[in-house]
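Secondary and tertiary structure notes
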Amino acid sequence: MEKKDGMNYAPKGKPAPVVGPGEFKIAAIALDHGHIYGMCNGLTEAGAEVKWVYDPDPAKVEAFQKSFPTARAASCEEEILSDPEVKLVCAAAVTSLRCALGLRVMAAGKDYFTDKAPLTTLEQLEAAKEMVRKTGRKYMVYYSERIHVEAAVFAGQLIGQGAIGRPIHVDGFGPHRVGDPKSRPDWFYEKDKYGGILCDIGSHQIEQFLFYCGVKDAKVGYSQVGNYGHPDHPELEDFGDAVLVGDNGTTQHFRVDWFTPDGLSTWGDGRTFILGTEGYIELRKYVNVAEKSTGDHVFLVNQDGERHFEVAGKVGYPFFGQLILDCINRTENAMTQEHAFKAAELCVRAELQAVNLTAEGRQL
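A brief look at the structure comes next. This structure is a prediction, so every number in the text was calculated from the model and none was measured.

Thresholds, definitions, all that
Residues numbered from 1 in each chain as written. Predicted model: local features only at pLDDT ≥ 70, side-chain atom pairs only at ≥ 80, totals over all residues. Heavy atoms only, no water. Helix = DSSP H or I, 4+ residues; strand = E, 2+ residues; numbered from the N terminus. Rg over C-alpha atoms; globule rule 2.2 N^0.38 Å. Buried < 20%, exposed > 50% of the residue type's maximum accessible area, 1.4 Å probe, protein only. Contact = heavy atoms within 4.5 Å. Areas by Shrake-Rupley, 256 points an atom, 1.4 Å probe, with all protein chains shown as cover. Salt bridge = Lys/Arg side-chain N within 4 Å of Asp/Glu carboxyl O. Axes fitted to C-alpha atoms, helices over the stretch in contact; angles between N-to-C directions. Parallel < 35°, antiparallel > 145°, perpendicular 65-115°, else oblique. Left-handed = near helix turned anticlockwise from the far one by under 90°. Nonpolar A, V, L, I, M, F, W, Y, C, P; charged D, E, K, R; others polar. Pairing = 2+ DSSP bridges. Core = buried A, V, L, I, M, F, W, Y, C linked by side-chain atoms within 4.5 Å.

So, on to the overall build of the chain. If you tally the helices and strands in the chain, you get 11 helices and 15 strands. A globule of 364 residues ought to have a C-alpha radius of gyration of about 21 Å, and the chain, at 20 Å, matches this closely. The principal-axis extent of the C-alpha atoms belonging to the chain is close to 55 × 50 × 40 Å. Every one of the 364 residues in the chain was classed for burial, and the buried ones make up 57%. Within the chain, contacts between residues at least 6 apart in sequence are counted, and of these 70% link residues at least 24 apart. On the chain, roughly 15,300 Å² of surface is accessible, and the fraction owed to carbon and sulfur atoms is 52%.

So this is what it looks like as structure tokens:
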């Protein structure tokens, strides 16, 4: 969980190794986003060993090694890609560069695990799909707001048990805090590099809709973006929202923004509401405002009444062990490739068709 005045990108779960020591070796390349810590921590809790790390910035490598002391500093990317012991490469590159790196990883015969958003253009998506077809390798995505949040994991379990009947609608809210602008890299403010707000943090929201409502494909009904509060960074979209309609008749509305006030005890009041035919679920992922600064609160209302679950430290993160076993057994239990790519496609499409609400000269 991100703290109010700092960011902890590596949630601690319930370690549940699915392999023995040294049986599944991974590497980290491109440490441009702190999510690389959560990605690697989730995998090491599931039994993986980080053998290598590479980034052009020695300071980033040194900091990473403090968290993952088994990681040796590689002299170049190729040193990792040519190592037959490395089965999976984790990466958190600049968003627009994630696909190109993934193509190199898969061409080297390794599976790829990238931070979200996994790409920024439809052309990149087609290239990734073609490389998957050609190599049979995986292009997996760290959609952390579902797979690395215990409240979100538990919600999926409740839905699987039929607690709210058939899910028919999801409302998602993904507010974030910019923090000190000087702490952000230059690419954070360049749209062709971060992909736009609906592509970037909107990817979390779209992926959750697909998962919770069992959607295979969807259309973007409308999408909007704007820059309301950051005139010094005109390419930063600090607000966005969209409506999606799934191929099974389910719907979603989500809002993402960079307007978390300083008074909130954490980086953002992320919430998800899931409406079903027999009840509803609310997730207060990171804080229960004015009540508890802890996260992972799940509220369930159905025919049996009202319940409040506090699930922090109780559920764990099964995705990571499933991913390791998927890489070993060539299965798709953690996440299907189709699902990972569809979420990526829809967030790009939402961005491409978005109306800019604050564009100069815009007419109502």
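Considering all chains together, one arrives at 23 salt bridges under this definition. A salt bridge links D83 to K51; the shortest N-O distance between them is 2.7 Å. In this pair, D83 sits in the loop between helix 3 (77-81) and strand 4 (86-92) while K51 sits in strand 2 (residues 49-54), placing the two residues 32 residues apart along the sequence. You can call K51 buried: its relative accessible area is 11%. Its salt-bridge partner being D269, residue R271 comes within 3.1 Å of it at the nearest N-O pair.

Right, let's talk about the packing of helix 1 (residues 35-45) against helix 2 (residues 58-67) for a bit. Running from amino to carboxyl end, helix 1 crosses helix 2 at an angle of 30°, the nearest separation of the two axes being 11 Å. Comparing the axis directions of helix 1 and helix 2 gives the class roughly parallel. Viewed along their axes, helix 1 and helix 2 form a crossing whose handedness is right-handed. The segment helix 1 lies against helix 2, with I36, Y37 and C40 engaging K60, A63, F64 and S67. The residue makeup of the contact of helix 1 with helix 2, split by class, is five nonpolar, one polar and one charged.

Pairing in this open sheet of six strands is parallel, and the strands run 3-2-1-4-5-6 from one edge to the other. Here the strands that pair on one side only, and so sit at the sheet edges, are strand 3 (72-73) and strand 6 (139-142).

Turning to the nonpolar core, a few remarks are in order. In terms of nonpolar packing, the biggest core is built from 113 residues, with L43, F64, F113 and I281 touching the most fellow members. Look past the residues within four positions of L43 in its chain and what remains in contact with it is I26, A48, L88, C90, F113, F320, L323 and I324.

Another point: the sheet that holds strand 10 (residues 251-257). Here we have nine strands laid out as an open sheet, ordered 14-13-12-11-7-10-9-8-15, and mixed in their pairing. One side of each edge strand has no neighbouring strand; the edge strands of this open sheet are strand 14 (305-310) and strand 15 (355-356). As paired elements, strand 7 (residues 167-175) and strand 11 (residues 271-276) share six bridges and run antiparallel to each other. Each residue of the ladder has a partner; that of V170, found in strand 11, is I274. Docked against the sheet, helix 9 (residues 202-212) engages strand 7, strand 8 (218-226), strand 9 (239-246), strand 10, strand 11 and strand 12 (279-284), running at close to 160° with respect to strand 10.

What follows deals with the pairing of strand 12. Within strand 12, five of the six residues are buried, which leaves it mostly tucked inside the rest of the structure. Judged from the six bridges that link them, strand 11 and strand 12 form a sheet pairing that is antiparallel. Considered in strand 12, the bridge of R271 is made with R284. Turn length for the strand 11-strand 12 hairpin, with the two strands adjacent in sequence and antiparallel, is two residues. The pairing of strand 12 with strand 13 (residues 297-302) spans six bridges and is classified as antiparallel. Bridged to Y280 within strand 13 is V301.

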